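# Observations on chain architecture
So you can see what is in the structure, the chains are spelled out below.
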Amino acid sequence: MSILIVLPVPSPPAGGNWVFSDRLRRHLAEVNLHVRVTTLDSVTTEDIEQCDIVHIFNASRTAVPFVEKFGVPEKPMVITFTGTDVNEEMKRPRERRKIVEVACRARQLIFLTADALQGFCIQCPELKNHCVHIPLGIDVPPGRGYDRSRWGWREEEVVFFLPAGLRPVKRPLYALKPLARLYREGLPVRFCLAGAVFDLDLLRQVETEAEMRPWFQWLGAVPHREVGDLYRCADVVLNTSTSEGLSHALLEAMAAGRAVMASRVPGNRDLIRHGEDGLLYEDAEEFLASARQLALDPEWRESLGQRAATRVAREFSPVVERDRYAQLYRRLVLSPCASGQVAP
């Protein structure tokens, strides 16, 4: 059986969509399912003809333009709602109409969190029977064995690491002001940002801030393998997004035993149990208070990280994820229901 996974554009190699799809590709090969991964701008008619299932990541950025370009495929079409589509675009009437039109032609709709699925089903109860929640599985990037000296981090520094692409939804500079206050208070904080560039205006802002502040470091895009070393060497891993599906970066950091601190938005709220295996913040003042507490209490950081690693190992197994997708794909291919149609 052959599955074609189509990603949105852009999808950088270390980004969540590539990490997700590559993990599925590797693990599904273990059960004799062949996965080909491509992006919307590279997919061809021949790719579609040669596969058994078309699996599209992101309803608005990928599924809608895919159907506009190629039409509804004659084979089963699966759509994964990855975050902004269900959290943002579904709130806008024009985008919502297009998403629902395409969703009605899919055989299966996949959601990364139970809350995202529930919210969608409230808006589209007629599609409830075609929605499923499949949690992510996580493989921690193996790393190359680098230590803190690789990035010039001193042992006494408390490193806050933000793995995020430069785009507005990620708010890559949100942490700068509260961490600057901690730095002025005399705490040895360092803020490190790494990710792909999507927005040139943001890039210019980041570069300017990095030049002005010796404790703020911009690494640019980092190969995914090396991100594992960054997680292990950092003290706290951040997420400052205004919208998330289920963050691969947070899950990877938690699996690596790091303390995490994230914005209190859907996706992050579904993942982190505040005060148990990570921290959530509502605004800059709450960010400041939590960051100060984490910077001052290394034992608490360690405790949060260990509880996070235990929970991720228990609840986000890549083997369970693999088996859920294998079962879904095989059922769709064997199902007598007509492709490209959702029964009422």
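To start, this report covers the structure provided alongside it. (Residues numbered from 1 in each chain as written. Predicted model: local features only at pLDDT ≥ 70, side-chain atom pairs only at ≥ 80, totals over all residues. Heavy atoms only, no water.)

## Observations regarding the sheet that holds strand 1 (residues 2–7)
The following threshold applies: Two strands form a pair only when DSSP identifies at least two bridges running between them. Runs of H or I in DSSP of at least four residues are treated as helices and runs of E of at least two as strands, each being numbered from the N terminus. All axes are obtained by fitting lines to C-alpha atoms, using only the stretch in contact for helices, and the reported angles, taken between N-to-C directions, cover 0 to 180 degrees. Contacts are assigned to residue pairs that have any heavy atoms within 4.5 Å of one another.
One open sheet accounts for 6 strands, arranged 2-1-3-4-5-6; its pairing is parallel. Where the open sheet ends on each side, the last strands, each with one partner, are strand 2 (34–39) and strand 6 (131–133). Neighbouring strand axes in the sheet, compared pairwise and without regard to direction, differ in orientation by 25° on average. Here strand 3 (residues 53–57) runs beside strand 4 (residues 77–81); their pairing, made up of 4 bridges, is parallel. Bridging across to strand 4, I56 finds its partner in I79. Relative to strand 6, helix 6 (residues 114–123) is tilted by about 160°, and along the sheet it contacts strand 4, strand 5 (108–111) and strand 6.

## Comments concerning the sheet that holds strand 12 (residues 279–281)
In space, the 6 strands of this open sheet follow the order 9-8-7-10-11-12, with parallel pairing throughout. Looking along the sheet, the strands with just one partner apiece sit at the ends: strand 9 (216–220) and strand 12. Each strand of the sheet is rotated relative to its neighbour by a mean of 25°, with strand direction disregarded. Bridge count between strand 8 (residues 189–194) and strand 9: 4 bridges; the pairing is parallel. In the strand pairing of strand 9, L193 is matched with W218. Against the sheet, helix 7 (residues 176–184) touches strand 7 (158–163), strand 8 and strand 9, its axis set at about 155° to strand 8.

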